[in-house]
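For reference, the chains in residue letters:
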Amino acid sequence: MSTLLRLATAGSVDDGKSTLVGRLLHDCKAILADQIAHVKTVSEARGGDFDFALLTDGLRAEREQGITIDVAYRYFATEKRSFILADCPGHVQYTRNTVTGASTADVVIILVDARHGVLEQTRRHLAVAGLLRVPHVVLAVNKIDLVGYDEAVFTKIAKDVGEVADQLGIADLQAIPVSALVGDNVVEHSADTSWYDGPTLLEVLENANGRTDTSNQPLRFPVQYVIRPQTEEYRDYRGYTGTVASGTVTVGDPVIVLPAGRRTSIAGIDRPVVTATSTAVVERPSAIAGEAVTVRLADDIDVARGSVIVAAEHSPGTRRELAATISWLSDRPLTVGARVLIKHTTTTAQAIVTKITGALDLDTLGVIDAAELDLNDIGKVQLKIAAPLAADPYSSNAITGSFLLIDAHDGWTLAAGMIDDEEGELL
């Protein structure tokens, strides 16, 4: 089990996400005394009790409106492990920020107000978690104190969310009755929910496994930069820098450089060691997923930013057409024929939307016909790309199976996309 866990919160407006996060940080002793004193002063000036939400709502606009707008990242630790927490906004217009926060999460905590039950935004956030294949989803049925700690209310909400999760392919769902304001079942078990014998929120987080180790998957090494120092010491040096997206790269491994399709082998692996007075290059026998290194190849072939070095025996090939599921993040609707830029690993290429296959109906969770995709819609599309991409299905590789669609005119991100298992046109 990794000692670092990434988690994100999601839920509808006023479900108590920031209060829950504030309570979690407070009860884990992860808040400095001067910050607690400041929040206490502000809370008293407003004529209310200690407002845990102020521990996380950092923007002035957030504090004034009592809402979360941006993704607020917080770092804290317990005796068991360290955490990176993304507190995501609940408003529908900020769903794009929830996609950002959940994209790297090992656990997503989805809050539901015990008084209101499952809402459309709940379904949307569950769909995002399922789409991004987040390993663990925690359902926090919040404000359980406001319904008199009624077990029947909790059971019904847990059943409703469980049915939605099953339809979306979410395999690991843990439901917990909590009161962020009071602290019930956040860090300590609550005497008021004696009918609940499951773990507290912190216990779930401390024992959850992270995403699957990608070091055992086939090698994918997107090239970010070509290094040619041309100094006296490194006159003939040519290295290709990037982060190992998946797999393990070892000196001597046979590889293929895509999209060119040229075969070669790994001649060396280098990594800089920087000190206060100097920088030295240290040779490594191997590197695993997540490590940033420079590789040298046995043959002098054409490699540039956007090339992908892959395992010779497990090459994904290249393709100019993709079938994908996207989360549309722009105020402007997406229509067939739209010309966009696709950002895939270190490659950026022109693309055109050739077909909108359908959109997810949040009520039935089925795919319905759609002529266009509007803000926050989740839909299936087909793309034709000007340059070949070395891409995998998202189900097998989250890095080489994901992409962004970008407006070529203003650089705004339009959509986050996941490549479907059905293959496009292979070259």
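Predicted, not measured: the structure shown is a model, and the values here were computed from it.

Enquirer: Can you walk me through the pattern of salt bridges in this structure?
Expert: Close approach of charged atoms allows side chains of opposite charge to pair. In total, this model carries 15 salt bridges according to the counting rule given. Two residues, Lys159 and Glu163, come together in a salt bridge whose shortest N-O distance is 2.7 Å. Residue Lys159 and its partner Glu163 are both found in helix H6 (residues 151–168); the two are separated by 4 residues, about one turn of the helix. For Glu163, a relative accessible area of 40% gives the class partly exposed. Each of Asp113, Arg115 and Lys143 takes part in a single network of salt bridges with overlapping partners.

Enquirer: Honestly, the nonpolar core in this entry has me stumped. Any pointers?
Expert: Here is a general trend for soluble globular proteins: nonpolar side chains tend to be buried in one another's company. Formed by 39 residues in total, the largest nonpolar core has its most connected members in Val108, Leu126, Leu132, Leu139, Leu168 and Ile170. Every element with two or more residues in this core is listed here: strand E1 (4–11), helix H4 (95–102), strand E4 (107–113), helix H5 (120–131), strand E5 (136–142), H6 and strand E25 (413–419). Per-element tally for this core: the top contributor is H6, with 6 residues. Residues Cys28, Ala140, Tyr196 and Leu205 belong to the second largest nonpolar core, which totals 27 residues.

Enquirer: Sorry, what's going on with the domain arrangement of the protein here?
Expert: Looking at the protein, the domain boundaries give domain 1 (4–207), domain 2 (220–313) and domain 3 (319–419). On the domain 3 side, the residues contacting the 12 residues of domain 2 number 9 residues. The junction of domain 2 with domain 3 conceals about 790 Å² of combined surface from both sides, 61% of it contributed by carbon and sulfur atoms. When the area that domain 2 buries against domain 3 is broken down by residue, the three leading residues are Arg220, Pro222 and Ala245, summing to 41%. Across the domain 2-domain 3 interface, the total number found is 1 salt bridge. Notably, a salt bridge pairs Asp392 with Arg220, separated by 2.9 Å at the nearest N-O pair. Across the domain 2-domain 3 interface, the total number found is 5 residue pairs in polar contact (both at pLDDT 80 or more). Looking at the side of domain 2 that touches domain 3 residue by residue, the classes come out as 6 nonpolar, 4 polar and 2 charged.

Criteria and thresholds
- Within each chain, residues carry numbers counting from 1 in the order of the written sequence.
- Local features in this predicted model are restricted to residues whose pLDDT is 70 or higher, and side-chain atom pairs enter the listing and the counts only when it is 80 or higher, whereas totals over whole chains, interfaces and linings include all residues.
- The basis for every side-chain value is the complete set of non-hydrogen atoms in the structure, without hydrogens or water.
- What makes a salt bridge here is a side-chain nitrogen of Lys or Arg within 4 Å of a carboxyl oxygen of Asp or Glu, nothing more.
- Numbered from the N terminus, helices here are DSSP runs of H or I no shorter than four residues, and strands are runs of E no shorter than two.
- Exposure classes here rest on a 1.4 Å probe applied to the protein chains alone. A residue is buried below 20% of its type maximum, exposed above 50%, and partly exposed in between.
- Residues grouped as a nonpolar core are buried Ala, Val, Leu, Ile, Met, Phe, Trp, Tyr and Cys residues, joined through side-chain atoms within 4.5 Å.
- Per the annotation, domain bounds derive from an automatic or database assignment of domains.
- The contact criterion used throughout is that any non-hydrogen atoms of two residues lie within 4.5 Å.
- Throughout, the accessible surface (probe 1.4 Å) given up by two parts as they are put together, summed over both, is called the buried area.
- Polar contacts, as counted here, are pairs of nitrogen or oxygen atoms within 3.5 Å of one another; within protein the pair requires one atom able to donate a hydrogen and one able to accept it, and residues that are adjacent in sequence qualify only if both atoms are side-chain atoms.
- Ten residue types, Ala, Val, Leu, Ile, Met, Phe, Trp, Tyr, Cys and Pro, are classed as nonpolar, four, Asp, Glu, Lys and Arg, as charged, and the remainder, Gly among them, as polar.

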